[in-house]
Amino acid sequence: MLDNKYSDILNEYMEKEYFESAVLRVFTAEDTVFSIAVGAAREDSIFDVASLTKLATSTQIVHLIKMGRLAVYDSIMEYLPELNESEFLRNRLSKVTLFNLLTHTSVIPKWYPLYTLEGSFAQRLEIALKRLDIATGVTYGDINFMLLGKIIEHCYGLPLDKCLEQDLVLPYKLGNMCYCPELSDKIVPSSFNNAREENMCQQMGLSFDGFRNDEIIQGTPNDGNAHYYFGGVAGHAGIFADGEAYQRLCQMYMSTHCPFMLSALQDKGMGRGFGFDYANIFPNGCGHTGFTGTAIWISKDRKLGSVLFTNRLFNRVPATTEQINDMRKHIFFEINDDLSVSD
């Protein structure tokens, strides 16, 4: 049985201390092939999905474009009136389009701890961009999707958590996917502290007194900007979900016949779709990963998808990004070989 095979694989990685808990789901566009959980997790456990939030954000942007509310090559400044108050931001961002944000090809650097600054979002963003070098080429980063979250709020006139609920979760019956979840035993702890971000801030010569050190982080985002500045609700991070919710989101893309939705999956020529990544850990398709140890993979050609959620930071010595990516690649390629269905 395949579920036994993959339980053994996950247990081997757990014994190597790559993670404390994991959920793996494998599916076609219509059905679940199998679902397993190891460690302290159950199949319905809820994880801090970290940057998989970006996939929910990009999907909402794609919906707005499909409805004619946005256009792919519009300047983002048309939808961010609060930023237009800054002459610096007007000049720096005037040529940045939605396409650039969605594919991480903007001039915007990847990260800055906005929670170490004072003032409005526009004021903090201006300070951050003045201190950082202009990005070139594909620069994967969080700030792009913070801005996309702000654009969604502008279009709907609602807070981002309500937009997620009304645009995605309810109409597509995604189930357990939300910002700011009520604390329950279903939520898997993501990490012991924010020591990594504290170290990153120190390397930049920045200080912050609010880090959650010496406490288990569970039910609030591990990501510092999402938690400390955005109050848990941001376009780049903050969503909590179970594996089934992201399976259903993936299946929405796998089963759609809408040309524009399909185009979001396509490589735009730089290894990026709209919210999707064409990294070498994804066989015959694309996917996305989250810093906490989460990942999704879709192969429309092979008619397969997978959700792999782990809490790899919930170790005193967390698995490295390289280690966790090797594990993801191993599992996704194994699934691809075991279950591929030809056209």
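In what follows, the structure referred to is the one given above.
Please read these numbers as outputs of a predicted model, since none were measured by experiment.

Rules used throughout
- Residues numbered from 1 in each chain as written.
- Predicted model: local features only at pLDDT ≥ 70, side-chain atom pairs only at ≥ 80, totals over all residues.
- Heavy atoms only, no water.
- Core = buried A, V, L, I, M, F, W, Y, C linked by side-chain atoms within 4.5 Å.
- Buried < 20%, exposed > 50% of the residue type's maximum accessible area, 1.4 Å probe, protein only.
- Helix = DSSP H or I, 4+ residues; strand = E, 2+ residues; numbered from the N terminus.
- Expected span 1.5 Å × (residues − 1).
- Pairing = 2+ DSSP bridges.
- Axes fitted to C-alpha atoms, helices over the stretch in contact; angles between N-to-C directions.
- Contact = heavy atoms within 4.5 Å.
- Salt bridge = Lys/Arg side-chain N within 4 Å of Asp/Glu carboxyl O.
- Phe/Tyr/Trp six-rings, centres within 6.5 Å; stacked < 30°, edge-to-face > 60°.
- Lys NZ or Arg CZ within 6 Å of the ring centre and 35° of its normal.

1. Let's talk about the nonpolar core
With 84 residues, the main nonpolar core has Ile-76, Leu-83, Leu-93, Leu-147, Ile-151, Met-177 and Tyr-246 as its most contacted residues. In this structure, Tyr-13, Ile-36, Phe-332 and Ile-335 belong to the second largest nonpolar core, which totals 25 residues.

2. Describing helix α10 (residues 243-255)
Compared with an ideal rise of 1.5 Å per residue, which puts 13 residues at 18 Å, α10 spans 18 Å between its outermost C-alpha atoms and is within 8% of the ideal. Burial runs high along α10: 10 of the 13 residues are buried.

3. Description of the sheet that holds strand β7 (residues 294-299)
Two strands in a sheet stick together by hydrogen bonds in their backbones, pointing the same way (parallel) or opposite ways (antiparallel). Within the open sheet, the 5 strands sit side by side as β2-β1-β8-β7-β6. Their pairing is antiparallel. Among the strands making up the open sheet, the edge pair consists of β2 (32-39) and β6 (286-290). Sheet twist, expressed as the mean angle between neighbouring strand axes with direction ignored, is 5 degrees. Alignment of strand β1 (residues 21-27) against strand β8 (residues 304-310), held across 6 bridges, turns out to be antiparallel. Along β8, the bridge assignment pairs Arg-25 with Val-307. Against the sheet, helix α1 (residues 2-15) contacts β1, β2 and β8, and its axis sits at roughly 30 degrees relative to β2. Each of β1, β2, β6, β7 and β8 is contacted by helix α12 (residues 321-339), which is oriented at about 150 degrees to β8, the strand it contacts most.

4. Points about the pairing of β1
Across the 7 residues of β1, 7 count as buried, placing the element largely inside the fold. By the bridge criterion, 7 bridges tie β1 to β2 in an arrangement that is antiparallel. Residue pairing in the sheet places Ser-21 in a bridge with Gly-39 of β2. Connecting β1 to the antiparallel partner β2 that follows it, the hairpin turn spans 4 residues.

5. Notes on the pairing of strand β5 (residues 239-242)
Burial of β5 is two-sided: the residues Ile-239 and Ala-241 facing one way and the residues Phe-240 and Asp-242 facing the other way are all buried. In the sheet, strand β3 (residues 46-48) pairs with β5 via 3 bridges, with the strands oriented antiparallel. Within the sheet, the bridge partner assigned to Asp-48 lies in β5 and is Phe-240. Here strand β4 (residues 177-179) runs beside β5; their pairing, made up of 3 bridges, is antiparallel. For Met-177, the partnering residue across the bridge sits in β5 and is Ala-241.

6. Structural notes on the environment of Leu-2
Here Leu-2 lies in helix α1. The exposure class assigned to Leu-2 is partly exposed, which follows from its relative accessible area of 28%. Here the alpha-carbon distance between Leu-2 and Val-33, two residues 31 residues apart in the chain, equals 9.1 Å. Every residue in contact with Leu-2, bar those within four places of it in the chain, is listed here: Phe-34, Asp-338 and Leu-339.

7. Observations regarding the pattern of salt bridges
When charged atoms on two side chains of opposite charge get close, those side chains can pair. Scanning the model with the defined rule gives 9 salt bridges in all. With a closest N to O distance of 3.2 Å, Arg-42 and Asp-44 form a salt bridge. Look at Arg-42 and you get partly exposed, because its relative accessible area is 36%. A salt bridge links Lys-186 to Asp-44, with the shortest nitrogen-to-oxygen separation between them at 3.4 Å. Linking Lys-186 in the loop between β4 and α8 (195-203) with Asp-44 in the loop between β2 and β3, this pair joins segments that are 142 residues apart in sequence. One connected set of salt bridges, linked through shared partners, spans Arg-42, Asp-44, Asp-185 and Lys-186.

8. Section: the packing of aromatic side chains
Throughout the structure, instances matching the rule amount to 19 aromatic pairs. On the numbers, 4.4 Å between centres and 15 degrees between planes, the contact of Phe-192 with Phe-314 is stacked. Of this pair, Phe-192 sits in the loop between β4 and α8 while Phe-314 sits in the loop between β8 and α12, and the two are 122 residues apart along the sequence. Exposure remark for Phe-192: the relative accessible area of 17% places this residue in the buried category. When its relative accessible area of 12% is taken as the criterion, Phe-314 is described as buried. Judged by centre distance (5.0 Å) and plane angle (85 degrees), the ring pair of Tyr-253 and Phe-276 falls under edge-to-face. One end of the pair, Tyr-253, is in helix α10; the other, Phe-276, is in the loop between α11 (259-265) and β6, and 23 residues separate them in sequence. Note on Phe-276: relative accessible area 0%, which makes it buried. Grouped by ring-pair contacts, the aromatic residues Tyr-73, Phe-99, Phe-260 and Phe-274 constitute a single cluster. Positioned above the aromatic ring of Tyr-156, the side-chain terminus of Arg-69 is 5.8 Å from the ring centre.

9. Describing unusual backbone geometry
A positive phi angle, near 60 degrees, is found at His-104, a position not held by glycine. Topologically, His-104 is positioned in the loop between α4 (98-103) and α5 (121-131). Since its relative accessible area comes to 2%, His-104 is described here as buried.

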